[in-house]
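What follows is the residue order along each chain.
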Amino acid sequence: GAGVSQSPSNKVTEKGKDVELRCDPISGHTALYWYRQSLGQGLEFLIYFQGNSAPDKSGLPSDRFSAERTGGSVSTLTIQRTQQEDSAVYLCASSPVSRGNEKLFFGSGTQLSVL
Amino acid sequence: AQSVTQLDSQVPVFEEAPVELRCNYSSSVSVYLFWYVQYPNQGLQLLLKYLSGSTLVKGINGFEAEFNKSQTSFHLRKPSVHISDTAEYFCAVRGGGSEKLVFGKGTKLTVNP
């Protein structure tokens, strides 16, 4: 596709429900990142994939959060038993390789609201 | 672990005035430094990056940034801003052998007529 695609763009859920957020990176991009953007908190790193492997998942806030990537392409971020503090914009980004010096291409994000 | 401090959460300026958005990072042997911009209702996009070489880096839309290793700073500047520069600006750093790109909390630049 032309850019990084995320779905849904908006998700409203009730506290305690599980949610799945999807990211379609740019075709051919091997590196994929998930970030969380909360008001006044900037971008918080969650997890990084190289291919289907996740060498760095240090940013996942709790064991309620998990992510996977299949076929070196689509990634899904799952939040179980959602809490109100999970409300944020979840951003996905991809890059062609990961040597440290290349730019990230960001999607428009999923706005998650937990009621 | 790397960290980034953006000293100003909000910066209001008048159109055609100069602006400097400040960024400091924690030290590492070698770092890559970035500025990203998020215009209202749009995704983040790269403004400029420092990898090595000249410490003065020029980016899109007339912005530039200067890498200062002794002060561990990477401040963003523009000599004359436009209304269209109103956006949130994020400084980011990657280094110390980590693949993680660490962002600051952002600075909201508001350009007033």
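Quick caveat: nothing in here was measured; it's all calculated off a predicted structure.

## With respect to the overall build of chain B
Okay, so step 1: Of regular secondary structure, chain B possesses zero helices and 12 strands.
Okay, so step 2: Its helices and strands in sequence order give chain B the pattern β-β-β-β-β-β-β-β-β-β-β-β, from N to C terminus.
Okay, so step 3: Whereas a compact globule of 113 residues would reach a radius of gyration of roughly 13 Å, chain B reaches 13 Å, a difference of no more than 12%.
Okay, so step 4: In terms of its C-alpha atoms, chain B occupies a principal-axis envelope of roughly 45 × 25 × 20 Å.
Okay, so step 5: Evaluated residue by residue, chain B yields a buried proportion of 46% over its 113 residues.
Okay, so step 6: Of all intrachain contacts in chain B linking residues separated by at least 6 positions in sequence, the fraction that spans at least 24 positions is 56%.
Okay, so step 7: Of the roughly 5,500 Å² of accessible surface on chain B, a fraction of 50% belongs to carbon and sulfur atoms.
Okay, so step 8: Positive and negative charge centroids in chain B, built from 10 and 9 side chains respectively, lie 9 Å apart.

## Quick look at the interface of chain B and chain A
Okay, so step 1: Taken together, the 19 residues of chain B in the interface contact 21 residues of chain A.
Okay, so step 2: Contact between chain B and chain A buries roughly 1,600 Å² in total, counting both sides, with carbon and sulfur atoms accounting for 54%.
Okay, so step 3: The largest share of the area that chain B buries against chain A comes from Leu44(B), Glu99(B) and Lys100(B), three residues that together contribute 31% of it.
Okay, so step 4: Along the contact surface separating chain B from chain A lie zero salt bridges.
Okay, so step 5: Put simply, chain B and chain A have five residue pairs in polar contact (both at pLDDT 80 or more) between them.
Okay, so step 6: Among the elements that take part in the side of chain B that touches chain A, strand β5 (residues 31-38) of chain B stands out by supplying four residues, more than any other.
Okay, so step 7: Its residues assigned to classes, the side of chain B that touches chain A shows nine nonpolar, four polar and six charged.

## Observations concerning the state of the cysteines
Okay, so step 1: If you walk through the whole model with that rule in mind, you get two disulfides over all chains.
Okay, so step 2: One disulfide in the model links Cys23(A) with Cys92(A); its S-S distance is 1.9 Å. Linking Cys23(A) and Cys92(A), the disulfide has an S-S dihedral of approximately -65 degrees and is accordingly described as left-handed. One end of the pair, Cys23(A), is in strand β3 (residues 19-24); the other, Cys92(A), is in strand β9 (residues 88-95), with 69 residues separating them in the sequence. A single burial state applies to Cys23(A) and to Cys92(A), both of which are buried.
Okay, so step 3: A disulfide bridge connects Cys23(B) with Cys91(B), and the sulfur atoms are separated by 1.9 Å. Handedness here is read from the sign of the S-S torsion; for Cys23(B) and Cys91(B), about -65 degrees, the answer is left-handed. Here the residue Cys23(B) occupies a position in the loop between β3 (19-21) and β4 (24-25), and Cys91(B) occupies one in strand β10 (residues 87-95), the gap between them amounting to 68 residues.

## As for the side chain of Thr110(A)
All names here are of chain A.
Okay, so step 1: Along the chain, the position of Thr110 falls in strand β11 (residues 110-114).
Okay, so step 2: For Thr110, a relative accessible area of 0% gives the class buried.
Okay, so step 3: Setting aside residues up to four positions removed in sequence, Thr110 forms contacts with Gln6, Ser7, Pro8, Ser9, Lys11, Leu21, Ala88, Val89 and Tyr90.

## Points about the nonpolar core
Residue and element names in this part refer to chain B.
Okay, so step 1: If you look at the biggest cluster of nonpolar residues, it comprises 29 residues, and the most contacted ones within it are Leu33, Trp35, Leu48, Phe74, Leu76 and Tyr89.
Okay, so step 2: Every element with two or more residues in this core is listed here: β2 (10-14), β3, β5, β6 (44-50), β8 (64-68), β9 (73-78), β10 and β12 (107-112).
Okay, so step 3: Dropping the residues within four chain positions of it, Leu76 is found in contact with Val19, Glu20, Leu21, Trp35, Leu47, Leu48, Phe63, Glu64, Ala65 and Tyr89.

Definitions and limits used
- Residues numbered from 1 in each chain as written.
- Chains lettered and ligands numbered in written order.
- Predicted model: local features only at pLDDT ≥ 70, side-chain atom pairs only at ≥ 80, totals over all residues.
- Heavy atoms only, no water.
- Helix = DSSP H or I, 4+ residues; strand = E, 2+ residues; numbered from the N terminus.
- Rg over C-alpha atoms; globule rule 2.2 N^0.38 Å.
- Buried < 20%, exposed > 50% of the residue type's maximum accessible area, 1.4 Å probe, protein only.
- Contact = heavy atoms within 4.5 Å.
- Areas by Shrake-Rupley, 256 points an atom, 1.4 Å probe, with all protein chains shown as cover.
- Lys, Arg positive; Asp, Glu negative; His and termini not counted.
- Charge placed at Lys NZ, Arg CZ, Asp CG, Glu CD.
- Buried area = accessible area lost by both parts, 1.4 Å probe.
- Salt bridge = Lys/Arg side-chain N within 4 Å of Asp/Glu carboxyl O.
- Polar contact = N/O pair within 3.5 Å; in protein donor to acceptor, adjacent residues only side chain to side chain.
- Nonpolar A, V, L, I, M, F, W, Y, C, P; charged D, E, K, R; others polar.
- Disulfide = S-S within 2.5 Å.
- Core = buried A, V, L, I, M, F, W, Y, C linked by side-chain atoms within 4.5 Å.

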